[in-house]
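Close look at the chain arrangement
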Amino acid sequence: MVSACLLGEACRYDGRSQRSERVLAALEGKAVIPICPEAAAGLGIPRPPVDLAGGTGVDVWAGRARALTRETREDRTAAFQDGARQALDAVRRFDVTVALLKEKSPSCGSQRVYETGVLRPGEGITTALLRADGRTVVSDEDL
């Protein structure tokens with residue numbers, strides 16, 4: 001499974017892609033399932049940027065943190081969790097063991113995420129759910 005934005009799909013919050021030639025080269029000849037948990041949850045493209053508040057993706061699943069729009073602080077936690085569940089359904093359906101996801105995303109970050117506007121160590125909401133299910137999540141920055 002790979003973040004769709006890394007494959008060139010214009011699904012980021014700002015309506016752009018993050019096409020990565022490095023990622024595409026590493027995936028050459030491999031079966032790939034693209035995913036954008038936020039788009040899958042119906043959040044729209046473009047959409048307001050979202051930060052985690054009160055912790056990381058693990059904390060969101062434990063009820064200690066939320067996913068809030070950066071400017072208006074609207075709660076998008078339920079939608080982010082829905083997108084994460086859709087990603088988990090896909091990895092189970094297709095027996096995916098490794099997900100290569102976009103770093104710094106509130107959904108897909110695996111090492112660093114924005115918490116209330118500051119980049120901090122931690123993982124996103126989708127990454128936390130996939131790891132809790134025993135899946136390996138790798139950052140695009142590790143390639």
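Our subject in this report is the structure included herewith. In this text, all values refer to a predicted model and were calculated from it rather than measured experimentally.

A word on the overall build of the chain
A tally of helices and strands in the chain yields 5 helices and 8 strands. Walking the chain from its N terminus toward its C terminus, one meets helices and strands in the order β-α-β-α-β-α-β-α-β-β-β-α-β. Expected size for 143 residues packed as a compact globule is a radius of gyration near 15 Å; at 14 Å, the chain falls within 12% of this value. Its C-alpha atoms give the chain principal-axis dimensions of roughly 40 × 30 × 25 Å. Put simply, the chain has 143 residues, and 48% of those count as buried. Put simply, of all contacts in the chain between residues at least 6 apart along the chain, 59% involve residues at least 24 apart. Only carbon and sulfur atoms are counted for the fraction: they give 49% of the accessible area of the chain, which is about 6800 Å². Charged side chains of the chain number 20 positive and 20 negative; the gap between the two group centres comes to 1 Å.

Overview of the packing of helix 4 (residues 77-93) against helix 5 (residues 125-132)
Describing two packed helices takes the angle between their axes plus the distance from one axis to the other. Look at helix 4 against helix 5: their axes get within 9 Å of each other, and the N-to-C directions meet at 40°. What the angle tells us is that helix 4 and helix 5 run oblique. The interaxial crossing formed by helix 4 with helix 5 has right-handed handedness. The residues of helix 5 that touch helix 4, namely those facing Phe 80, Gln 81, Gly 83, Ala 84, Arg 85, Ala 87, Leu 88 and Val 91, are Ile 125, Thr 126, Leu 129 and Leu 130. For the contact of helix 4 with helix 5, the residue count by class is 8 nonpolar, 3 polar and 1 charged.

Concerning the pattern of salt bridges
Taken as a whole and judged by the stated rule, the model has 15 salt bridges. Note that Arg 64 and Asp 59 form a salt bridge whose closest N and O atoms lie 2.7 Å from each other. For Asp 59, a relative accessible area of 15% puts it in the buried group. The salt bridge partner of Asp 133 is Arg 135, with a shortest N-O separation of 3.0 Å. Given a relative accessible area of 17%, Arg 135 falls into the buried group. Each of Arg 12, Asp 14 and Arg 16 takes part in one network of salt bridges that share partners.

Re the packing of aromatic side chains
A complete count under the given rule lists 0 aromatic pairs for this structure. Against the face of Tyr 114 rests Arg 70, its NZ or CZ located 5.6 Å from the ring centre.

Regarding the side chain of Thr 56
Structurally, Thr 56 is set in the loop between strand 3 (50-53) and helix 3 (57-61). Note on Thr 56: relative accessible area 16%, which makes it buried. Aside from chain neighbours lying at most four places away, what touches Thr 56 is Ala 65, Pro 121, Gly 122 and Glu 123.

Rules used throughout
- Residues numbered from 1 in each chain as written.
- Predicted model: local features only at pLDDT ≥ 70, side-chain atom pairs only at ≥ 80, totals over all residues.
- Heavy atoms only, no water.
- Helix = DSSP H or I, 4+ residues; strand = E, 2+ residues; numbered from the N terminus.
- Rg over C-alpha atoms; globule rule 2.2 N^0.38 Å.
- Buried < 20%, exposed > 50% of the residue type's maximum accessible area, 1.4 Å probe, protein only.
- Contact = heavy atoms within 4.5 Å.
- Areas by Shrake-Rupley, 256 points an atom, 1.4 Å probe, with all protein chains shown as cover.
- Lys, Arg positive; Asp, Glu negative; His and termini not counted.
- Charge placed at Lys NZ, Arg CZ, Asp CG, Glu CD.
- Axes fitted to C-alpha atoms, helices over the stretch in contact; angles between N-to-C directions.
- Parallel < 35°, antiparallel > 145°, perpendicular 65-115°, else oblique.
- Left-handed = near helix turned anticlockwise from the far one by under 90°.
- Nonpolar A, V, L, I, M, F, W, Y, C, P; charged D, E, K, R; others polar.
- Salt bridge = Lys/Arg side-chain N within 4 Å of Asp/Glu carboxyl O.
- Phe/Tyr/Trp six-rings, centres within 6.5 Å; stacked < 30°, edge-to-face > 60°.
- Lys NZ or Arg CZ within 6 Å of the ring centre and 35° of its normal.

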